[in-house]
Amino acid sequence: MRLVIERDYDSSAMWTADYIAGKIKAFSPTAHKPFVLGLPTGSTPLGVYRRLIELHKRGIISFEHVITFNMDEYVGLAPTHPQSYHYFMHTNFFDHIDIKKENINLLDGMTKDIPAECAAYEQKITAVGGINVFFGGAGVDGHIAFNEPGSSFASRTRKVILTEDTRTVNARFFDTIHEVPFSALSVGIGTVMDAQEIVIMLTGHNKARALAHAVEGAVSQQWPITTLQLHADATIVCDDASTDELKVGTVNYFKGIELKAPDQFVALVRNT
């Protein structure tokens, strides 16, 4: 596992966005060879999306031949609902870049046939050749997408019941907690782990415990983020505040590695 430690949220978001943009540029996607990107919602990716939009407007990156798959969607919220992830993605990202409508994939929280919707999502990921980079965030309890503690590492896209902790955290986006849905459709841990590369962004002191488990703890279903230890190409991008529960030696080790040379994909964007 690679751990990139930046100064704060803004620098973490910029590094993450530049890295993703660099991977796309290096891939040189075409209509016949698209780049496939997994995406999250929530507060964590907002800075990343702002930076990617900026890079697009400056002509540094194009999303014309990028296919996206979002991690999750609330059950029972229409795409036009202000708190649906359809609405979030279009408002904060898709409406500002040159991605083709047919290349955007989001789960349908209003579907009448949940098993069929989830199976079709998995099949479509397979049909496009799998996900090149799955970008995401993690909760204070280490959940990835809506894979709450206890989720199987082999889980696939499915309906999940949200814990009260998750509903309480997400209540800040709603008028009251009573409006937060009790369930969602979510890619599984197995779905995420199938990606060629995983990039998880995790910042703030409230994520310190999750980061410590991810980097120094044992692999456990009670901390879904620890599954990254089993992936061949996983990166966590964090800030100084989130390292508060890591050993000093661990922090110094990972900072020392990154100081040796700038990342080639980040440099590809910043030197353009």
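**Q** For this particular structure, what's the right way to read the overall build of the protein chain?
**A** Helix and strand counts for the protein chain stand at nine helices and ten strands. Relative to a compact globule of 272 residues, whose C-alpha radius of gyration would be 19 Å, the protein chain shows 18 Å and is just as compact. Here the C-alpha coordinates of the protein chain stretch approximately 55 × 40 × 35 Å along the principal axes. Burial analysis of the protein chain (272 residues in total) assigns 55% to the buried set. The long-range share in the protein chain, meaning contacts at least 24 apart out of those at least 6 apart in sequence, stands at 79%.

**Q** Hey, could you run me through the packing of helix α2 (residues 46-57) against helix α3 (residues 85-92) in this one?
**A** Helices that pack against each other are described as a pair by the angle of their axes relative to one another and the distance between those axes. It is at 10 Å that the axes of α2 and α3 come closest, and there the two elements cross at 40 degrees. As the angle between them shows, α2 and α3 are arranged oblique. Where α2 approaches α3, its residues Leu46, Tyr49 and Ile53 are matched on the opposing element by Phe88, Met89 and Asn92. Along the lines of polarity and charge, the residues of the contact of α2 with α3 split into five nonpolar, one polar and no charged.

**Q** Help me out: how do you make sense of the sheet that holds strand β8 (residues 183-186) in this one?
**A** Strands pair in a sheet through their backbones, by hydrogen bonds, and they do so in one of two ways: parallel or antiparallel. Reading across from one edge, β4-β8-β7 is the order of the three strands in this open sheet, with antiparallel pairing throughout. The sheet is open, and its two borders are formed by β4 (72-74) and β7 (158-161), each paired with just one other strand. Ignoring strand direction, the axes of neighbouring strands in this sheet form an average angle of 30 degrees. Here β4 runs beside β8; their pairing, made up of three bridges, is antiparallel.

**Q** Even after reading the chapter, I still don't get α2, so can you show me in this structure?
**A** Within an α-helix, residues lying three or four positions from one another point in the same direction, as the helix has 3.6 residues per turn. Given a rise of 1.5 Å per residue, twelve residues ought to cover 16 Å, and the 17 Å separating the end C-alpha atoms of α2 matches this to within 8%. If you check which residues of α2 are buried, you get Gly47, Val48, Tyr49, Arg51, Leu52, Ile53, Leu55 and His56. Taken from the residues just after α2, Gly59 is the one with a positive phi, measuring 80 degrees.

**Q** Help me understand the pairing of strand β3 (residues 66-70), please; the structure alone is not making it clear to me.
**A** Put simply, side chains in a regular strand alternate between the two faces of the sheet. Most of β3 is tucked away: five of the five residues are buried. Across the two faces of β3 the burial is the same, with Val66, Thr68 and Asn70 and Ile67 and Phe69 all buried. In this sheet, β3 lies alongside strand β2 (residues 35-39) in parallel orientation, the contact comprising five bridges. Bridge pairing in β3 places Val36 opposite Ile67.

**Q** For this particular structure, what's the right way to read the sheet that holds β3?
**A** The strand order across the open sheet built from seven strands is β1-β10-β9-β6-β2-β3-β5, with neighbouring strands paired in parallel fashion. Every other strand in the sheet has two partners, leaving β1 (2-6) and β5 (104-105) as the edge strands with one partner each. As defined by bridge partners, β2 adjoins strand β6 (residues 133-137) across two bridges and the pair is classed as parallel. Bridge assignment links Leu37 to a residue of β6, and that residue is Val133. Sitting on the sheet, helix α1 (residues 9-27) is in contact with β1, β2, β3, β6, β9 (197-202) and β10 (234-239), with an inclination near 165 degrees to β9. With respect to the sheet, helix α7 (residues 208-216) is in contact with β1, β9 and β10, its orientation differing from that of β10 by roughly 145 degrees.

**Q** Is there a simple way to think about the pairing of β8 in this case?
**A** By the alternation rule, side chains of β8 split into Ser183 and Leu185 and Ala184 and Ser186, which are all buried. Strand direction decides the pairing type here: β7 and β8, joined by four bridges, are antiparallel. Across the sheet, the residue bridging to Arg158 is Ser186, located in β8.

**Q** Just to check I follow, could you spell out α7 for this structure?
**A** Those residues of α7 that fall on the buried side of the exposure criterion are Ala208, Ala210, Leu211, Ala212, Ala214 and Val215. Looking at the packing, one finds that the buried side of α7 touches β1, β9, β10 and α8 (248-259).

Basis of the calculations
- Residues numbered from 1 in each chain as written.
- Predicted model: local features only at pLDDT ≥ 70, side-chain atom pairs only at ≥ 80, totals over all residues.
- Heavy atoms only, no water.
- Helix = DSSP H or I, 4+ residues; strand = E, 2+ residues; numbered from the N terminus.
- Rg over C-alpha atoms; globule rule 2.2 N^0.38 Å.
- Buried < 20%, exposed > 50% of the residue type's maximum accessible area, 1.4 Å probe, protein only.
- Contact = heavy atoms within 4.5 Å.
- Axes fitted to C-alpha atoms, helices over the stretch in contact; angles between N-to-C directions.
- Parallel < 35°, antiparallel > 145°, perpendicular 65-115°, else oblique.
- Nonpolar A, V, L, I, M, F, W, Y, C, P; charged D, E, K, R; others polar.
- Pairing = 2+ DSSP bridges.
- Expected span 1.5 Å × (residues − 1).

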